[in-house]
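An overview of the molecular structure
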Amino acid sequence: MSADFDVIVIGSGPAGVSAAFPLVQAGLRVAMLDGGRTQAVAPPRADFLTARATDPHQWAWMIGRDFHALRAMDAVSPKLRVPTQAFAFEGFQLANRIAATPFVAVGSLATGGLSNAWGCGVARFSDAEARMPFPVADLGPSYREVARRMGLSGGGGDDLSDYFGLDEDCDPPVPMDRAHEAMWRRYTKARTSLCKGGFRLGRSRVAVLSRPREDRQACDLAGNCLFGCSRQAMYSASADVERLRAFPNFHWLPGHLVDSIVVDGERTVVQLREPSGTCARLAARRLFVAAGTLASTRLVLQALQRREPVPLLSCPTAAFLLWLPGLLGQPRERGFGLGQLSYALQLTGGRTAFGSTFATTGIPMWELARHLPLGRSTALQVLRDLLGSCVVGNLFLPGELSDARARLDDRDTLRIEGGWRQADVEDLLREARRKLAGAYRKMNAWMLPGSFTPGRPGSDIHYAGTLPMAADPGAGQTSVQGEVRGLRHVHVVDGACLPALPEKSHTLTLMANADRIGRLIAPTLI
Ligand SMILES: Cc1cc2nc3c(=O)[nH]c(=O)nc-3n(C[C@H](O)[C@H](O)[C@H](O)COP(=O)(O)OP(=O)(O)OC[C@H]3O[C@@H](n4cnc5c(N)ncnc54)[C@H](O)[C@@H]3O)c2cc1C
C-alpha cells in the first residue's frame, strides 16, 4: 500500500487546523480526520434577556430536551452543562479509552474540538513562560498568522499590554457593561497603589470580533456566549475547517475515529473507524497528531507501547463572585458574556495568578446559587436582587503546580491520576483570595463571603506537557518539530508537546506552535 496522502492530520480543533493551513497552502494532499460531532440544539437567536423573558421553548436550550443541564450537575464549568454545547464533549472518554481519577478529563470529538465551547481568552507566552527548546521569537510569524485568521479584540495600551503581548494583533475591545465600566473607573483612580501591591488590570484579550468580517459578524452584546454565538463573533476552529475545505487538495473526513497509529517504513498508518462503524486504514508520508492533549497522548503512548507514567500539566483554578454595592438595584443588562477585564496578580515565590471577570447576565442563576452558602431558594432570591450589581471572576495558577500523571495501562486505556501539589496550591489560593479581595475592595467591588471556590483538578481544561518538545528528546519526548522520538514521521502538534504551561491562556500558543511545525514540514514534502 502506498501513501494515500502527504499528511494526515488527526483532529480539527485549534491545533489541527493551524497545522493544516501551511501544508494545504503549500499544495500538499492533506486529509483531516475528526470525531465529526456537530451542534444538535441551536443557540438562542434573540439576546439572552429577551429570550429568557419571551421564548416559550427556552427550556430546550436552557435545560435540554433530555434534561442535560440537570443530569450533569457534577460538571465543573457551566459550559459543560449547557445543552447547546453538549455535542462538544459527548463520548470523548469512551471513544478514546481515557479514564481519570480524581482528575476531570475533558476532551472533544466535535468538528472544531473544544473551541466550540471555549472562553476565547488569548495571550502570548514569553521565553521564560514557554520554556521551549527554541527562542519564542521563532513563533512570532505564527502568532501573527493565527491571530489574523481568528480575529482578536481587546488591545489598546493598558497595564496588561506587556503581559498579553498582543496589542498589535488586536482590534479594539468589545464595549464593557456598566459593572465593568465602574470597576475600570475605580482602577484608573487607585492604579498606582494597586500596581504597587502586585495587582494589574486591563481589558481581556479575546478571540471575538469587535468588527465584522466577510464571513463572520461582530459581537452585538446579546450575552449568549455560554450557549454559542449565532453570529460567529467568537472564534471556533470549525469555521477554519470550512475555509480549508475550499482547497481541492484538502480532504475532509469527519466521523473518522482513529484508534491507533503504526509506523511502517516511510509511511505512517492510522487504523480507524469510519462513520458506518467499518474499520479502515489510511496511510500518509507524515502524521500530525492533534486530537487534543489527552487523546494524542494515548495514541502516541500506545504506538510506542510505553507504559511509564508521563507528567500532565494543568492549571489549578478557582472562581469567585464580586458585588458592586454602588450598582445595587440596577437590572441585569445586555452585554458581552466572556472576559471583559483581566488581572495579573503577583504571588509569593515569583508566581502569578491570572483571571478575568464576566457579566452575570448570560449565566443561568442556578449556576451561581450552587456556590453560595445558603439554601437553594434563599440563594435564588438573593441573587435575583443582587445579580445586576455582580460580576463573576475566575483564577488560574501556573501548570507547574500540577501533580497529575497519565499512564497507559495493560489494556491500552490512558489512566489519568492525581491533581495538584496540594499544600502549595492551598497556600497560593489563600494568598490570592486575600489579595484579590483587597484589590477589588479598592475598586468598590466586594468578594462575596464563601463565593471563592477552588475548581477540581483538571477543570481548567488547559492540559499540556505530556510529550514535551526538547532539543535532544528522550524517550516519550518530541523534537522541536514535534516529531516523537521512536515514531519517525509522527508529529505531535497540540498541547501535548508544549514543555510548560503558565497561568495564561495557552490555546493561541499551541496554535502558533502547530502553524510553526506545519511551516517547517511543508517544504520537506514538496
Ligand atoms: C469551557 C472551556 C473554556 C476554555 N477556555 C479557554 C480560554 O479561554 N483560553 C484558552 O486558551 N483555552 C481555553 N480552553 C481550552 C481550549 O478549548 C483548548 O486548549 C483547545 O481547544 C485545544 O485545541 P486542540 O486542537 O489541541 O484540541 P481539541 O480542541 O480538543 O480538538 C481535538 C480534535 O481532535 C478530534 N479527535 C479527538 N479524538 C479523536 C480520535 N480518536 N480520532 C479522530 N479525531 C479525534 C476531535 O474531534 C477534535 O476535532 C477552554 C476549554 C473549555 C472546554
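Just so it is clear, the model here is predicted, and its values are computed rather than measured. (Residues numbered from 1 in each chain as written. Predicted model: local features only at pLDDT ≥ 70, side-chain atom pairs only at ≥ 80, totals over all residues. Heavy atoms only, no water.)

Considering the overall build of the protein chain
Selection rule: Numbering of helices and strands runs from the N terminus; a helix is a DSSP stretch of H or I covering at least four residues, while a strand is a stretch of E covering at least two. Only C-alpha atoms enter the radius of gyration, while the globule expectation follows 2.2 Å times N to the 0.38, with N the number of residues. To sort residues, take the accessible area from a 1.4 Å probe on protein chains only and compare it with the maximum for the residue type: under 20% means buried, over 50% means exposed, and anything in between is partly exposed. Note on contacts: a residue pair qualifies if any of its non-hydrogen atoms lie within 4.5 Å across the two residues. All accessible-area figures derive from a Shrake-Rupley calculation using a 1.4 Å probe, and residue coverage is judged against the displayed protein chains alone. A positive count includes Lys and Arg, and a negative count includes Asp and Glu. His and the chain ends are not counted in either. Each charge is placed at NZ for Lys, CZ for Arg, CG for Asp and CD for Glu.
For the protein chain, the count of helices and strands is 16 helices and 20 strands. Over its C-alpha atoms the protein chain spans a radius of gyration of 22 Å, differing by no more than 12% from the 24 Å that the globule rule assigns to 526 residues. The dimensions of the protein chain, computed from C-alpha atoms along their principal axes, are 70 × 55 × 45 Å. Of all 526 residues assigned to the protein chain, the portion counted as buried reaches 61%. The long-range share in the protein chain, meaning contacts at least 24 apart out of those at least 6 apart in sequence, stands at 73%. Accessible area of the protein chain: about 20000 Å², with a carbon and sulfur share of 53%. A gap of 4 Å separates the mean positions of the 60 positive and 50 negative side-chain charges of the protein chain.

Structural notes on the side chain of histidine 462
Checked against the element boundaries, histidine 462 lands in the loop between β19 (453-454) and β20 (490-492). Contacts of histidine 462, omitting those with residues within four sequence positions, involve Leu313, Ser314, Cys315, Phe396, Leu501, Lys504, Ser505 and His506.

Describing the domain arrangement of the protein chain
Cut-off, in case you're wondering: The source of the domain bounds is an automatic or database domain assignment. Accessible area that two parts lose when put together, evaluated with a 1.4 Å probe and summed over both, is termed the buried area. Each reported salt bridge corresponds to a side-chain nitrogen of Lys or Arg within 4 Å of a carboxyl oxygen of Asp or Glu.
For the protein chain, the domain assignment lists domain 1 (1-37 + 90-150 + 235-313 + 403-418 + 462-525) and domain 2 (153-228 + 317-396 + 421-456). Centre-to-centre separation of domain 1 and domain 2, based on C-alpha positions: 31 Å. Summed over both sides, the interface of domain 1 with domain 2 buries roughly 1800 Å², with 51% coming from carbon and sulfur. In this assembly, domain 1 and domain 2 are joined by 4 salt bridges.

A closer look at helix α11 (residues 237-244)
Residues spaced three or four apart along an α-helix point in a common direction, a consequence of the helix completing one turn every 3.6 residues. Turning to α11, its buried residues number three or more, namely Ala237, Ala239, Asp240, Val241 and Leu244. Where the residues of α11 are buried, they touch α1 (14-25), β2 (30-34), α8 (140-150) and β7 (250-254).

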